[in-house]
Each structure stands twice: as C-alpha cells, then as structure tokens.
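Single-letter residue listing:
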Amino acid sequence: MKFISSPSNEVIKEVIKLHDKNKRKKLNKCLVEGWRLIQDAKENGISIEKLIISKSLWNKKREEILEKFSSCDLYIVEDNLMNKISLMETPPGIMGVFPLFLSPKWEILKNKDNKIVLYSDDIQDPGNLGTIIRVADGVGVDAFILSENTVDPYNYKVIRASTGSIFRVPIWISDDKTFVEFFKDWKIVIADPKGSKLYFEENFKESFVLILGNEAWGIKKEKYLDLNPILLRIPLRNGVDSLNVSVAASVFLFEAQRQRYITKEE
C-alpha cells in the first residue's frame, strides 16, 4: 500500500493514458471505476492489477478493502487528485487498473446445441452496447461478438451500462471475414423493417445468430449475403420507422427465451 499526492506519479500518469482507447490497446490495460463493478469483476475471476482509492473512501472502508483486495497493489490518493483522474462526474472513490480481459472463445460455439449468439455490426453508442450486454447476460446469451468498428467495449460508459455483465458474458472482437466463415452453416437473423416475416413467427428454439446494426445506418446486409440471412421485422405503428438497437435486441432475445421456456414446460 502506498500513498500518492503528486499528479506526476507514474501510477497517475498511467491512469490518465488509459482514458484513451489507443493507449488502452497499446498498454493492454483498462480502467474500471466503482465499488460494485470492481467487486463484480473479482467475483467473476477477472484479474485486477492495482486499485487507486481516494483518501476519504480509504478512511471509511479500510478494513473491508484490505479484506477483499489484499492481493492487489493498493494506492491511496488525495480526493482532489482522484477528482482529476476519474472519468466520472461524481467519482466513486475507487478505480481499478485491469489487464484487458476479453478474448476470443470460438471453441464454446463448436457445439451448436441451442446457442444464442449476438453480433454487433458497428454499434457506436457505448450506452447501447453496455445495455445489450446486460440484457444478453439476463437471457443467457452464449457469446457476443463485436465487429472491429464497434465502440470500444473497454470504454467506461460501456462497462458502467453493463452493470457488471461484461465480466460474465463471453465477448470478443472479430473481423468480418472470420465471422462470415465461422457462421456459414448457422441460422442468421437480421432485424429489418422491410422483412416479410414478423419476429415472433420465427423459430428461435435452435441455435441462431442475431446481427445488430449501427444506430445511424443500420446493418450492411450486403456483407452477409453468403449467410442467407432471415430478415424479420418488429411490427410498429405507422410513422414509427425503427426502435433503438438495444430495445430491438431485447425484443428478439426475450422472444427466444419465451419460446425456449415453453419448450421446457412441454
């Protein structure tokens, strides 16, 4: 345990670098802020390199911090310094430096037994991505794969919006070619306002991949023509063109869950 008061300290400099996506990738590290999120990460076996804790939180939770995080390097900083390095408007008083923890797990999808897979085709809003991760966790999605141009999953807004689900859902980044090649024999579903079939008319009891599109231009369907995607629409009243991508994802996922619950009961 060490006390830090200077903004020129190397630990502080590293934290500031990790505010930037490119630096996160270069250093292979990211930041997680908040007591509950850090505790969730630990409970799910995510490695924590170091914790930076405000002096006021340290004075309040010293025994609990030592009990739960004794294996981590601990750094105590003045509150005004925490305010400067925090990404939050109201700093929670605790910040973790983590090794990047998301990695490809293609092997879990080799058995196509009733799998649900999500694919982000360039989702850009961190709040949307984090919310979808949270919903995916609730439904029990087997994997959430992100295109290379999707918002950085280590963005602090993504992590916070996921409310800890990012530590449980298998998530990784893939290039388009690898994605198309791997899923060439799977059922591929795309939400499309012009789809001829309603989403609840489709059978979601077997394995499928749901592709979710960019907030501005939707899904670039031409990239997936070789996968023979099924275009399904959500019925909306006249004048409403589409739903927020996280809402649309929820509609499809909970329909899949409903169908699977009915099958279990039968």
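Numbering of residues starts from 1 in each chain and follows the order in which that chain's sequence is written. A pLDDT threshold of at least 70 governs which residues receive local features in this predicted model, and a stricter bar of 80 or more applies before side-chain atom pairs are shown or counted, although totals over entire chains, interfaces and linings include all residues. Hydrogens and water are ignored here; the side-chain numbers use all heavy atoms of the structure.

- The name given to the protein chain in an unreviewed UniProt entry is RNA methyltransferase, with Dictyoglomus thermophilum as the source organism.
- UniProt positions are given in the numbering used here, feature names are shortened, and annotations may be inferred rather than shown by experiment. Note on the protein chain: under the UniProt heading Sequence similarities (unreviewed entry), the record states "Belongs to the class IV-like SAM-binding methyltransferase superfamily. RNA methyltransferase TrmH family."

## With respect to the domain arrangement of the protein chain
Many authors give the size of an interface as the accessible area that is lost as the parts come together.
Phase 1 of the analysis: Segmentation into domains, and thus their bounds, comes from an automatic or database assignment. The domain boundaries assigned to the protein chain delineate domain 1 (2–99) and domain 2 (106–263).
Phase 2 of the analysis: Here a residue-residue contact requires only that any non-hydrogen atoms of the pair lie within 4.5 Å. In this complex, domain 1 contributes 14 residues to the contact, which on the side of domain 2 involves 10 residues.
Phase 3 of the analysis: Note on definitions: buried area is the accessible-area loss of two parts on being combined, 1.4 Å probe, summed for both. Taken together, the two surfaces of domain 1 and domain 2 that pack against each other cover about 1,200 Å², and 64% of this comes from carbon and sulfur.
Phase 4 of the analysis: Here a salt bridge means any side-chain nitrogen of Lys or Arg lying within 4 Å of a carboxyl oxygen belonging to Asp or Glu. The interface formed by domain 1 and domain 2 holds 1 salt bridge in total.
Phase 5 of the analysis: Close ionic contact of Asp152 with Arg24 constitutes a salt bridge, the shortest N to O distance being 2.6 Å.
Phase 6 of the analysis: Distance and chemistry together define a polar contact, namely a pair of N or O atoms within 3.5 Å, with one atom able to donate a hydrogen and the other to accept it when in protein, and with adjacent residues in sequence counting only for side-chain atoms on both sides. Remark: the boundary between domain 1 and domain 2 carries 3 residue pairs in polar contact (both at pLDDT 80 or more).
Phase 7 of the analysis: Going along the chain from the N terminus, every DSSP run of H or I of four or more residues is numbered as a helix, and every run of E of two or more is numbered as a strand. In terms of residue count, the dominant contributor to the side of domain 1 that touches domain 2 is strand β2 (residues 29–33) (4 residues).
Phase 8 of the analysis: For the side of domain 1 that touches domain 2, the per-class residue count stands at 8 nonpolar, 2 polar and 4 charged. Note on residue classes: Ala, Val, Leu, Ile, Met, Phe, Trp, Tyr, Cys and Pro are nonpolar, Asp, Glu, Lys and Arg are charged, and everything else, Gly too, is polar.

## A short note on the pattern of salt bridges
Phase 1 of the analysis: The full count for this structure, using the stated rule, is 18 salt bridges.
Phase 2 of the analysis: Close ionic contact of Lys68 with Glu64 constitutes a salt bridge, the shortest N to O distance being 3.0 Å. Of this pair, Lys68 and Glu64 both sit in helix α4 (residues 55–69), separated by 4 residues, roughly a single helical turn.
Phase 3 of the analysis: In this structure, the salt-bridge partner of Asp121 is Lys223, at a minimum N-O distance of 3.0 Å. Pair noted here: Asp121 is in strand β6 (residues 116–121) and Lys223 is in the loop between β11 (208–213) and β12 (230–233), with a separation of 102 residues, a long-range link.

## As for the UniProt feature "domain: RNA 2-O ribose methyltransferase substrate binding" (unreviewed entry) in the protein chain
Phase 1 of the analysis: When the UniProt feature table is mapped onto this chain, "domain: RNA 2-O ribose methyltransferase substrate binding" (unreviewed entry) is found at residues 31–104.
Phase 2 of the analysis: A distance of 20 Å separates the end C-alpha atoms of residues 31–104, which is 42% helix and 26% strand.

## Digging into α4
Phase 1 of the analysis: An expected span of 1.5 Å times one less than the residue number is assigned to each helix. Over its 15 residues, α4 runs only 16 Å from end to end, short of the ideal 21 Å by more than 12%, given 1.5 Å per residue.
Phase 2 of the analysis: Lys61 marks the point of greatest bend in α4, at about 85 degrees.
Phase 3 of the analysis: Whether a residue is buried, partly exposed or exposed follows from its accessible area with a 1.4 Å probe, protein chains only, as a fraction of its type maximum: under 20%, in between, or over 50%, in that order. Of the residues making up α4, those classed as buried are Leu57, Trp58, Ile65 and Phe69. Bend at a given residue is defined as the angle between two axes, one fitted to the seven residues that end at that position and one fitted to the seven that begin there.

## Brief notes about helix α6 (residues 126–139)
Phase 1 of the analysis: Under the 1.5 Å per step criterion, the end-to-end length of α6 is 20 Å for 14 residues, consistent within 8% with the ideal 20 Å.
Phase 2 of the analysis: The opening residue of α6, the one whose side-chain oxygen lies 2.9 Å from the backbone nitrogen of Gly127, is Asp125.
Phase 3 of the analysis: Positive backbone phi, approximately 95 degrees, marks Gly140, located one or two places after α6.

## Things to note about the sheet that holds strand β3 (residues 50–54)
Phase 1 of the analysis: Strands are labelled as partners when DSSP assigns at least two bridges between them. Taken together, the 5 strands give an open sheet; going across it, the order is β1-β4-β3-β5-β2, and neighbouring strands pair in mixed fashion. On the outer flanks of this sheet lie β1 (2–4) and β2, each paired with one strand and no other. Across the sheet, the mean angle separating the axes of adjacent strands is 25 degrees when strand polarity is ignored.
Phase 2 of the analysis: With 3 bridges connecting them, β1 and strand β4 (residues 73–77) associate as parallel partners. Pairing of Ile4 across the sheet is with Val77, part of β4.
Phase 3 of the analysis: Against the sheet, helix α3 (residues 35–43) engages β2, β3 and β5 (94–99), with an angle of about 35 degrees to β5.
Phase 4 of the analysis: Note on geometry: axes are C-alpha line fits, over the in-contact stretch for helices, and angles between N-to-C directions span 0 to 180 degrees. Sheet strands in contact with α4 are β1, β3, β4 and β5, and its direction is about 150 degrees off that of β3.

## Some thoughts on the pairing of strand β8 (residues 171–174)
Phase 1 of the analysis: By the bridge criterion, 4 bridges tie strand β7 (residues 143–147) to β8 in an arrangement that is parallel. Residue pairing for β8: Phe144 is matched across the bridge by Ile171.
Phase 2 of the analysis: Seen with its strands pointing away from the viewer, a crossover is right-handed if its path from the first strand over the helix to the second goes clockwise. For the handedness criterion, the β-α-β arrangement of β7, helix α7 (residues 156–161) and β8 is classed as right-handed.

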